Every structure is written in structure tokens, then in C-alpha cells.
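Residue-level structure breakdown
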Amino acid sequence: MAKGQTPPAHVGMFQLLNGVFIAGAISCLARLGIPDLVEHGPKSADELASAMGADPRALYRLMRATASVGVLSEGPDGKFSETPLSAVLRSNANPSLRAFAIIHGRAWHGLGWSELEYCVRTGKQALNKIYGEPIFQFFERRPEESQLFNQAMSDLSTIDAPAVADAYSFDGIRSIVDVGGGHGLLLATILAKNPQMKGTLYEMPHVLAGAKDGPLKPMMERCTLASGDMFSSVPASADAYIMKHIIHDWPDEECVNILRACRKGVNPSGKLLVVDNVIQPGNDFAPGKFMDLQMLIFPGGCERTERQFRELFAAAGWQLSRVIPTAVPESIVEGVPAG
């Protein structure tokens, strides 16, 4: 094609549809640990296959395919080297997206997306249809999947937690509760930057079990681990309640219950901090718009606009005071107690 010429529509559509192949290949590459194995120098598929018990021809085809999109680089000698994209799939990378990539190849993830039409027609969750239970109950009964999911969420927090801590001034906040904070990386990042503050990680018991030796371990003298039902109550008497990627998991009715519990527990002049995508209208590409589809398939929630957040806050006794952008796609939606 001539330089600057727009490709035919069918070419662009092929590129979009091939995205599922690319995601599957990258997920497999991460699960096999290939990026770890090429960290210190180029390796051929034959070398790696004998070390890991894989079919060399099949492994070569996987590595060649991922190299074609910049995840690995194939040299003239047929050996594959690390690239910046493959480096973030290493288990020792910071940030690491290895667990997040692996999730995209798990059976429950693929089956969920295969039921998108069912979700669109009914508004119901895919995993309820497939497994007869919602996703968080699914994880509770399957420790391996739960551990992978929580690791993926912690990995994402290595990217967005510093952005949240940098974008918001926690001056005047001496106590904060992280509601649904996973293994505590966001809370640990905030506490590290604000030595005047004490924190509480509020989670389900099986998640807290993985948090005890997690990011909060060095600062446990300033932190409490607590479990309970966030839909009915949260630890009381805090200056602020923060929740990242929690509100988007649930429909409005459940979100109002969570936010009301925070409103009941907050100290006078306290703050509510919701870290989520804030959807903007228009045709511009935004990761949050596709994340919104995933919320429909799995937890059953949604990404929201500023107006929707304002209405949600008001229904729970909060007033949206401002939306603070960060260096990542998520924003901090701040609320104060309504008068």
C-alpha cells in the first residue's frame, strides 16, 4: 500500500479479530515462563524445549508468533531474545503482568467471553450460567484460580498504586480503610508515602490469608487486617475509605450498600476515595470501555461516567466533590459526607 493510504476495512477487521489469537499466544508464553528463560541471553526453541519438556517445533511456532508482535525477538540464528514487552512478563519484573497475562488463557476467562451474547441479552453474569455461581464464589472454591487472580490484581497495583499515591494529597488523613484491597499493595504504597497514617485492610478471610506475608508485612505496626461483609459494614471511625476496582464490580444496588456502610463509619469531615475508570462519551478508544464489557461478563458491575458516580454517591449519603486524574487510566473519585 502507498504510504499514508488507509487500509481496506476488511484488513482492519482482520487485525482486530486476530487480537484473540495474540492474547492467547502471549498468555501461553507467560504460563510456560519463557520470558524468564531468555532474560540472560538468547535461546533457541530446541534448547528451551529440552529443558522444559515441550515439543520443539510447537514451541518454535509459539515463540515465532509472539516475536511477530514484539514479544520476543527472533535473530538470524533462530534464537529468541528478550524485548521490553516480554520483559514485563517475567515473574521478577516490576511491574510484572505475568499473572494478568496468564488469566487471559484460563478456561473460565475464555468461556466467559464466549457467553457475551448471553450477557447482553439477559444482563446476567456468564459464570453463573457456566458454573452455577458468581465469580467470587468460583474463586473461593478454587484456590489456584483465586491465587492467580489476586496475584494479577497485585501486579496491576504495582502500576496504578504509585499513580494514586502521587495524585492525591492525604494531608489531614490519619486513618484509612482499604475496602476490598486484595493483598494490600495499594494500602502499603499509601502508608509508605504517608508515615503519619494508620491503615486497615478489609477483605474476605481467604484473601487475607495471602496478605499476611504480602506488601504490608514491613509496616504491620501501623496496619490492621480485618474481614467482614462490606455490603453491610466496614471498620468504623476512619478518616477515609478507599476502594480500587471495587465499585465497578457491582450493580448500583450493591454499590449503594457498600458506600452507605462507609458513610456510616466515616469520621466527621472524612473522605470517600473511589479509584476506577471514569468513562467519557464519544468514539475515542479507552481501555475502560472494553473493561466495562468484562464487568458485564464476570462480576456483573460496570464502569461509570462522572454523572453516574455523582448519582451513586448521592444515593448513599455522599456528595461527589471532585474527580482527580492520575498517570494511569483510572481516576480518583472523591466524595465528602452530604449535608
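What you see is a predicted model; the values in this text were computed from it and never measured. Once a new chain begins, its residue numbering starts again from 1 and follows that chain's sequence as written. Totals for whole chains, interfaces and linings use every residue, but because this is a predicted model, local features are given only for residues with pLDDT of at least 70 and side-chain atom pairs only at 80 or more, for both listing and counting. Hydrogens and water molecules were not included; the side-chain quantities draw on all heavy atoms of the structure.

1. A word on the sheet that holds strand 1 (residues 43-44)
- Only when DSSP finds a minimum of two bridges between them are two strands counted as paired. Secondary structure follows DSSP: runs of H or I at least 4 residues long count as helices, runs of E at least 2 residues long count as strands, and numbering of each begins at the N terminus. One open sheet accounts for three strands, arranged 1-3-2; its pairing is antiparallel. What marks the edges here is a single partner per strand, and that holds for strand 1 and strand 2 (73-74).

2. Considerations on the pattern of salt bridges
- What makes a salt bridge here is a side-chain nitrogen of Lys or Arg within 4 Å of a carboxyl oxygen of Asp or Glu, nothing more. If you walk through the whole model with that rule in mind, you get 18 salt bridges.
- Ionic pairing is found between Glu-311 and Arg-307, a salt bridge with its closest N-O pair at 3.3 Å. Placement of both Glu-311 and Arg-307 in helix 17 (residues 306-315) is noted, with a separation of four residues, approximately one turn of the helix.
- The class of Glu-311 is partly exposed, set by a relative accessible area of 46%.
- We call a residue buried when its accessible area falls under 20% of the maximum for its residue type, exposed when it is over 50%, and partly exposed in between, using a 1.4 Å probe and counting protein chains only. A relative accessible area of 64% places Arg-307 in the exposed class.
- Here the salt bridges do not stand alone but share partners, grouping Glu-39, Glu-82 and Arg-90 into one network.

3. Looking at the side chain of Gln-125
- As for its position among the elements, Gln-125 is in the loop between helix 9 (116-122) and helix 10 (126-131).
- For Gln-125, the side chain forms a polar contact with the main-chain oxygen of Pro-299, separated by 2.9 Å.
- Should any heavy atoms of two residues lie within 4.5 Å, those residues are counted as being in contact. Sequence-distant contacts of Gln-125, defined by excluding residues within four places in its chain, comprise Tyr-118, Cys-119, Pro-134, Ile-135, Leu-296, Ile-297, Phe-298, Pro-299 and Gly-300. As used in this structure description, the phrase polar contact means that two N or O atoms lie within 3.5 Å; if the pair is within protein, one of them must be able to donate a hydrogen and the other to accept it, and residues adjacent in sequence are counted only when both atoms belong to side chains.

4. Description of the environment of Glu-133
- Within the secondary structure, Glu-133 is located in the loop between helix 10 and helix 11 (135-140).
- Setting aside residues no more than four positions away along its own chain, Glu-133 makes contact with Leu-127, Asn-128, Phe-138, Arg-141 and Arg-142.
- Looking at Glu-133, its side chain comes within polar contact range of the side chain of Arg-141, at 2.8 Å.
- Here the side chain of Glu-133 touches Arg-142 through a polar contact of 2.7 Å, side chain to side chain.

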